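Fold and geometry: a report
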Amino acid sequence: MNYFVGIDIGASATKAVVINDGKEVLGYSVVDSGADFEVAGSEALTQARQAAGCGASDTLIVTATGYGRRNVPLADGTRTEISCHAGGSYHCFPHAHTLIDIGGQDNKVIKIDDSGRRTNFKMNRKCAAGTGAFLEEIANRLKIPLANLNDLAEKADAGVQIGSYCTVFAGTEILARIREGVSVEDIVKGIFSSVIKRILEMDPMAGNVVMSGGVVEHNPFLVKMLEDRIQKEIFVPSNPQLTGALGAALFSLEGKGKGGLNA
Amino acid sequence: MTEEKKVAIKKIQATGQMRKIMADYFYKLDGVSRDGSQKIAWCTSVGPAELLLSLGFLVYYPENHGAMLGATRMAADCIPVANAVGYSPDICSYLTSDVGAYIRKETPLSMAYKGIEGLPKPDVLVFNTNQCRDVQDWMGWYSRELQVPMMGISTFRNIGDISDDVLAGIVQQIKDLIPALEKISGNKFDIDKLREVMARSKRCSELWKAVLESNTSSPAPMSFFDATIHMGPAVVLRGSDIANDYYELLLKELEDRVANGVGAVEEEKFRLYWEGMPIWGKLRDLSEFFIGFNTAVIASSYCNSWVFEAFDPTDPFLSMARAYTEIFIVRDEDFKEKYIEDIVRRYKLDGILFHDSKTCPNNSNNRYGMPERLEKRLGIPTLTINGDLNDLRCYSEEQAKTNIEAFIEQLEAR
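Only a predicted model underlies this, so the values are computations on that prediction, with no experimental measurement involved.

A word on the packing of aromatic side chains
Given two aromatic rings, one states the distance between the centres and the angle between the planes to describe the pair. Under the criterion given, the structure shown has 26 aromatic pairs over all chains. Between the aromatic rings of Phe93 of chain A and Phe235 of chain A, the centroid separation amounts to 5.6 Å while the plane-to-plane angle is 50°, which identifies the pairing as tilted. Of the two residues, Phe93 of chain A sits in the loop between α2 (81-92) and β6 (97-102) while Phe235 of chain A sits in strand β10 (residues 234-235), which places them 142 residues apart along the sequence. Each ring, one from Tyr102 of chain B and one from Tyr142 of chain B, has its centre 5.4 Å from the other, and the planes form 90°; the classification is edge-to-face. Of this pair, Tyr102 of chain B sits in helix α5 (residues 93-104) while Tyr142 of chain B sits in helix α7 (residues 134-146); the two residues are 40 residues apart in sequence, bridging distant segments of the chain. Its relative accessible area of 0% is what places Tyr142 of chain B among the buried residues. Connected via pairs of aromatic rings, a cluster forms that spans Phe224, Phe225, Trp274, Phe289, Phe290 and Phe293 of chain B.

Right under this line is the structure:
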């Protein structure tokens, strides 16, 4: 039997999704990207194919995406994460929308039309302000486990203002707030607000809005905060962190991984 | 493992001749600098070079040197040195590269041309602010450092329609330079000599324009990356028969390519505009990257900036003022938008790539909503990448390439 696989090797996490020719997700995995993208890709693939119940004789068609897309020896082809996130998102929400993906190192705002075509995209500028790396840095500064950020933000009363673009300068601002005795909860809510500000300055949030990515998966309160800010409902796939890998798997199914046999 | 396609840049045969004439030019400058047989003027690239040439100066162009520092990546070591003496990392990285190189007593000329040990010594420094204020500060540094007189032309900026008043002001400023330049050169100004130089510069402009416009053909015979190299003679040797002979040769080769359907990019699928400065330290890398995606970057306003169509030997001062004021960089947003729109249509382009060059706001045209307006009007996508002309600290390669690749995927899906 043929299975179609997408592997998304991101800056922080590597995700793999296995689908069948009916576009059903049969299995998936998430592993740390670590320092060796090839190992991470291989590990993610092994776990996902086990979860999907693929046998040794089954044929896998693999499309790789993300920063490490060229580090997957088994891949039949590659696609950029921008195309894959757009494809995965449109599969989940097949209508025109604005996709916001918050990744470990990049934020993307992607415009998708009614037929699923990407009409425009923007990535954050070079620095990591407003990305997962920003949250990691601040959590580290506050000595808070990353997994606790969402709960802390939810418990906050007001939230503080973080003004700086720069992650390092934002860290300095946070030190000043600590000195002033601001609660950790309010500081965390403040950094969530900072992420939202960085998103809103990238592109107008036109039409329906979808959010995806690992940061959203682990911090659903961010979605709630953005909904309050833009005064509209935001759609989120059931596994937002897998959106890029799902899009890559769909490219495998369509035979459109670049460099692949069917490209 | 999937890998980027291995590609080769298609060699332009005339390159050999260009290398020779550029070498001859730099050796001549070096020789004159040593023996003092001729006066040397340093001049901004769109400065009043024609006037200087007519007065018998040999002209050296610091911007050309800045580009060489970028292309050889010597800039990486030089920029921080200039930063340390007070020149911000946010200002023109041609300036900071060049000043830093001077302080370090280094020049790519020594690497490229055996026996050349340093820059030619100037007798005068001449600028035109039609490009930016940075060129004046750049010359100002050398003026103080070398105790050499500096003079120049202050052109208005953000010019829409070029009025008679603007031109009259510039004409007067050019004329005002003459007495001092006569004194430094030891030669009396001769309008017939100016007419001769101008006629040759005009011919150079016509030929260079024809070279660039050969890219309206499909496939395009030359890439933007090729053009940034081959514009060298139009920058440093215009006003001479040497440059004109060279462009005759190059044009012939490109016309042959057009006639035979030979493109700079095999199986050209997409045609793009590069708006803004080149990223000098990544020319080859980016050139190969685009070729790997069968995408031809074939038009720019940057390379067009050395097309001085207004030159008219019968009216040298007024036409010189007009030619130096007509260039893209000095014009207002409305003019620039219409200019780009015209090129997109004539070259049948599929998209526009804006280079937001950190240290060159004067030639980064993405910052006031122009990409969005052009997208709407032309119905083609645009992409902005962040980088810099010389300072590779401002360029994130992975992000830039992912953006470009995603942009090409977007074009494929249209």
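Concerning the pairing of strand β3 (residues 124-128) of chain B
Residue and element names in this part refer to chain B. For β3, the buried fraction is high: five of the five residues fall into the buried class. Along β3, one buried face is formed by Val124, Val126 and Asn128 and the opposite face, lined by Leu125 and Phe127, is buried too. Where strand β1 (residues 40-43) lies against β3, three bridges are found, and the strand directions are parallel. Bridging across to β3, Ala41 finds its partner in Val124. Two strands pair when backbone bridges link them, and β3 and strand β4 (residues 150-153) are joined in this way by four bridges, in the parallel orientation. The residue bridging Leu125 from the neighbouring strand is Met150, located in β4. Running through α7, the crossover from β3 to the neighbouring parallel element β4 is right-handed.

Focus on the pattern of salt bridges
All names here are of chain B. Following the criterion strictly, the structure yields 41 salt bridges over all chains and no others. Arg34 serves as the salt-bridge partner of Asp30, at 2.9 Å between the closest nitrogen and oxygen. A residue pair is termed a helical-turn pair when its members lie 3 or 4 positions apart in one helix, as Asp30 and Arg34 do in helix α1 (residues 15-35) at four residues. One salt bridge connects Arg377 with Glu337, and the closest N-O pair in it is separated by 2.5 Å. Of this pair, Arg377 sits in helix α16 (residues 370-378) while Glu337 is found in helix α15 (residues 333-346), placing the two residues 40 residues apart along the sequence. A cluster of three or more residues bridged by salt bridges with shared partners is formed by Glu333, Glu337, Glu341, Arg345, Arg373 and Arg377.

Observations concerning the interface of chain B and chain A
Note: interface size is frequently given as the accessible area lost on complex formation between the parts. Facing the 24 residues of chain B at the interface are 29 residues of chain A. A combined buried area of about 2,200 Å² lies between chain B and chain A, and 45% of that area is made up of carbon and sulfur atoms. Along the contact surface separating chain B from chain A lie four salt bridges. In this structure, the salt-bridge partner of Glu372 of chain B is Lys122 of chain A, at a minimum N-O distance of 3.3 Å. If you look at where chain B meets chain A, you find nine residue pairs in polar contact (both at pLDDT 80 or more). Elements with a contribution of two residues or more to the side of chain B that touches chain A: α16, β8 (382-387) and α17 (397-412) of chain B. The element contributing the most residues to the side of chain B that touches chain A is α17 of chain B, with 10 residues. When its residues are assigned to classes, the side of chain B that touches chain A shows eight nonpolar, seven polar and nine charged.

So, the layout of surface pockets
Taken as a whole, the second largest pocket holds about 1,100 Å³ of empty space. Forming the walls of the second largest pocket are 36 residues, and the residues nearest its centre are Met123, Asn124 and Arg125 of chain A together with Asp356 and Asn386 of chain B. The set of elements that each furnish at least two residues to the lining of the second largest pocket consists of β8 (118-123) of chain A together with α16, β8 and α17 of chain B. Take the lining of the second largest pocket: its biggest share by element is five residues, from β8 of chain B. Taken together, the residues of the lining of the second largest pocket break down into 13 nonpolar, 11 polar and 12 charged.

Observations concerning the side chain of Ser29 of chain A
Residues and elements named next belong to chain A. Among the secondary structure elements, Ser29 is positioned in strand β3 (residues 25-32). A relative accessible area of 4% places Ser29 in the buried class. Dropping the residues within four chain positions of it, Ser29 is found in contact with Thr14, Lys15, Ala16, Ala44, Gln47, Ala48 and Leu242.

Side note on the environment of Val210 of chain A
Residues and elements named next belong to chain A. As for its placement among the helices and strands, Val210 is situated in strand β9 (residues 209-212). You can call Val210 buried: its relative accessible area is 0%. Separated by 57 residues in the primary sequence, Val210 and Ala153 have C-alpha atoms spaced 21 Å apart.

Here's the deal with unusual backbone geometry
Residues and elements named next belong to chain B. The peptide bond linking Ser218 to Pro219 adopts the cis configuration, its omega dihedral lying at 0°. Among the structural elements, Pro219 can be located in the loop between α9 (191-213) and α10 (224-230). Phi angles above zero are rare outside glycine, and Gln147 is one such case at about 55°. Positionally, Gln147 belongs in the loop between α7 and β4. Taking relative accessible area as the criterion, Gln147 reaches 68% and is therefore assigned exposed.

What about the sheet that holds β4 of chain B?
All names here are of chain B. The four strands lie next to each other as β2-β1-β3-β4, forming an open sheet whose pairing is parallel. Bordering the open sheet on either side are β2 (58-60) and β4, each of which pairs with just one other strand. For this sheet, the mean inter-axis angle between neighbouring strands, taken without regard to orientation, is 30°. Sheet analysis places β1 next to β2, joined by three bridges and oriented parallel. Its bridge partner being in β2, Ala41 is matched across the sheet by Val59.

What to know about α5 of chain B
Residue and element names in this part refer to chain B. Over its 12 residues, α5 extends 16 Å from the first C-alpha to the last, a length consistent with the 16 Å expected when each residue adds 1.5 Å. Counting buried positions over the 12 residues of α5 gives nine, a clear majority of the element. For α5, every residue scored as buried is listed here: Ser93, Tyr94, Leu95, Thr96, Ser97, Asp98, Val99, Gly100 and Ala101. Those residues of α5 that are buried are in contact with α3 (62-71), α4 (75-84) and α7.

Side note on the sheet that holds strand β2 (residues 13-19) of chain A
Residue and element names in this part refer to chain A. The five strands are arranged β3-β2-β1-β4-β5 in an open sheet whose pairing can be described as mixed. Of all the strands in the sheet, just β3 and β5 (77-78) have a single pairing partner and so form its edges. Sheet analysis places strand β1 (residues 2-9) next to strand β4 (residues 59-65), joined by seven bridges and oriented parallel. If you follow Phe4 over to β4, its bridge partner there is Ile61. The strands touched by helix α9 (residues 243-254) within the sheet are β1, β2, β3 and β4, with β1 carrying the most contacts at an inclination of about 140°.

Thresholds, definitions, all that
Residues numbered from 1 in each chain as written. Chains lettered and ligands numbered in written order. Predicted model: local features only at pLDDT ≥ 70, side-chain atom pairs only at ≥ 80, totals over all residues. Heavy atoms only, no water. Phe/Tyr/Trp six-rings, centres within 6.5 Å; stacked < 30°, edge-to-face > 60°. Helix = DSSP H or I, 4+ residues; strand = E, 2+ residues; numbered from the N terminus. Buried < 20%, exposed > 50% of the residue type's maximum accessible area, 1.4 Å probe, protein only. Pairing = 2+ DSSP bridges. Right-handed = clockwise from strand over helix to strand, strands pointing away. Salt bridge = Lys/Arg side-chain N within 4 Å of Asp/Glu carboxyl O. Contact = heavy atoms within 4.5 Å. Buried area = accessible area lost by both parts, 1.4 Å probe. Polar contact = N/O pair within 3.5 Å; in protein donor to acceptor, adjacent residues only side chain to side chain. Nonpolar A, V, L, I, M, F, W, Y, C, P; charged D, E, K, R; others polar. 1 Å grid on protein atoms, 1.4 Å probe; cavity = no way out; pocket = protein on both sides within 12 Å on 5 of 7 lines; lining within 4 Å. Points joined across faces, edges and corners; volume = space filled by probe spheres on them. Axes fitted to C-alpha atoms, helices over the stretch in contact; angles between N-to-C directions. Expected span 1.5 Å × (residues − 1).

Shape descriptors only; they carry no functional weight alone.
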